[in-house]
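# Structure at a glance
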Amino acid sequence: MANLSASDDYFRFFGLNQQFNIDLPALDQAYLAIQKEVHPDRHARGSEAEQRIAMQMATLANTAYQTLKNPIQRGLYLCQLNGVDAKLETNTAMPAAFLMKQMEWRDTLDEQAEELPELEALMTEVEQSRSDILGEITQAIDGSKNYQRAAELLRGLLFIDKFAIELDDAIAALI
């Protein structure tokens, strides 16, 4: 069994570079390879210690995989590795322009709740905004190593993702 420890960071655990813009198929492949190696059936005849280590490795692999697969979790993890706590629970400060855009979206959703074309147009705008922010996060982390800026952007992305879920539900209710 591979000699990996929980003290290794999640990127090293999967043999990936420590960056925001990761190769998701490579992540999937590394995860499946580790899962196959630590599967309980492969260690059923092993000692209790071997079985326990395999179980710990499987748990670590799951946690690491879920963290790296999700862009917000991956970004927060990179910030954390570089000494920046995004303080998502307590820090909700956002640039005024961003908040205004959120309010516009919310008004459109409330006022146009029965209008499928308007909601679909809004979804296109929200998806474009999400894409733009992902690009800015990539630049902040992989480009300029500005983890404070990345943390701000990640808070914004969290808002956008929550709104997109609400909007998606509103669209689904009309279809």
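The paragraphs below set out a description of the structure included in this document. (Residues numbered from 1 in each chain as written. Predicted model: local features only at pLDDT ≥ 70, side-chain atom pairs only at ≥ 80, totals over all residues. Heavy atoms only, no water.)

### What to know about the overall build of the chain
- On a plain count of helices and strands, the chain comes out with seven helices and zero strands.
- Going residue by residue from the N terminus, the α and β elements of the chain occur as α-α-α-α-α-α-α.
- By the compact-globule yardstick of 16 Å for 175 residues, the chain is too spread out, its C-alpha radius of gyration being 20 Å.
- Dimensions of the chain, computed from C-alpha atoms along their principal axes, come out at roughly 65 × 40 × 30 Å. (Helix = DSSP H or I, 4+ residues; strand = E, 2+ residues; numbered from the N terminus. Rg over C-alpha atoms; globule rule 2.2 N^0.38 Å.)

### Examining the packing of aromatic side chains
- By the definition in use, this model includes seven aromatic pairs.
- A centroid spacing of 4.4 Å and a plane angle of 10° characterise the contact between Tyr10 and Tyr77, whose relative ring orientation is stacked. With Tyr10 in helix 1 (residues 10-13) and Tyr77 in helix 4 (residues 71-81), the pair connects residues that are 67 residues apart, well separated along the chain. Exposure class is identical for Tyr10 and Tyr77. Each is buried.
- Judged by centre distance (6.0 Å) and plane angle (80°), the rings of Phe98 and Phe159 are edge-to-face. Separated by 61 residues along the polypeptide, Phe98 in helix 5 (residues 96-111) and Phe159 in helix 7 (residues 147-174) bring together distant segments of the chain.
- Among the aromatic residues, ring-to-ring pairing joins Phe13, Phe14, Tyr31 and Tyr65 into one connected group. (Phe/Tyr/Trp six-rings, centres within 6.5 Å; stacked < 30°, edge-to-face > 60°. Buried < 20%, exposed > 50% of the residue type's maximum accessible area, 1.4 Å probe, protein only.)

### Section: the packing of helix 3 (residues 48-69) against helix 4
- Running from N to C, helix 3 and helix 4 cross one another at 105°; their axes reach a closest spacing of 5 Å. With respect to their mutual orientation, helix 3 and helix 4 come out roughly perpendicular. Along its contact with helix 3, which presents Thr67, Leu68 and Lys69, the element helix 4 presents Pro71, Gln73, Arg74 and Tyr77. (Axes fitted to C-alpha atoms, helices over the stretch in contact; angles between N-to-C directions. Parallel < 35°, antiparallel > 145°, perpendicular 65-115°, else oblique. Contact = heavy atoms within 4.5 Å.)

### Some details on the nonpolar core
- If you look at the biggest cluster of nonpolar residues, it comprises 52 residues, and the most contacted ones within it are Phe13, Phe14, Leu68, Val126, Ile137 and Leu167.
- Among the secondary structure elements, those contributing two or more residues to this core are helix 1, helix 2 (24-38), helix 3, helix 4, helix 5, helix 6 (116-143) and helix 7.
- Broken down by element, the residue count for this core peaks at twelve residues, all from helix 7.
- Those residues in contact with Ile137 that sit more than four places away from it in its chain are Phe20, Asp142, Leu153, Leu154 and Leu157. (Core = buried A, V, L, I, M, F, W, Y, C linked by side-chain atoms within 4.5 Å.)

### Remarks on helix 6
- For helix 6, with 28 residues, the first-to-last C-alpha span of 39 Å sits near the 40 Å given by 1.5 Å per residue.
- Within helix 6, burial applies to Leu119, Leu122, Met123, Val126, Ser129, Ile133, Leu134, Ile137, Ala140 and Ile141.
- In this structure, the buried side of helix 6 is in contact with helix 4, helix 5 and helix 7.
- The first or second residue beyond helix 6 is Lys145, which carries a positive phi of 55°. (Expected span 1.5 Å × (residues − 1).)

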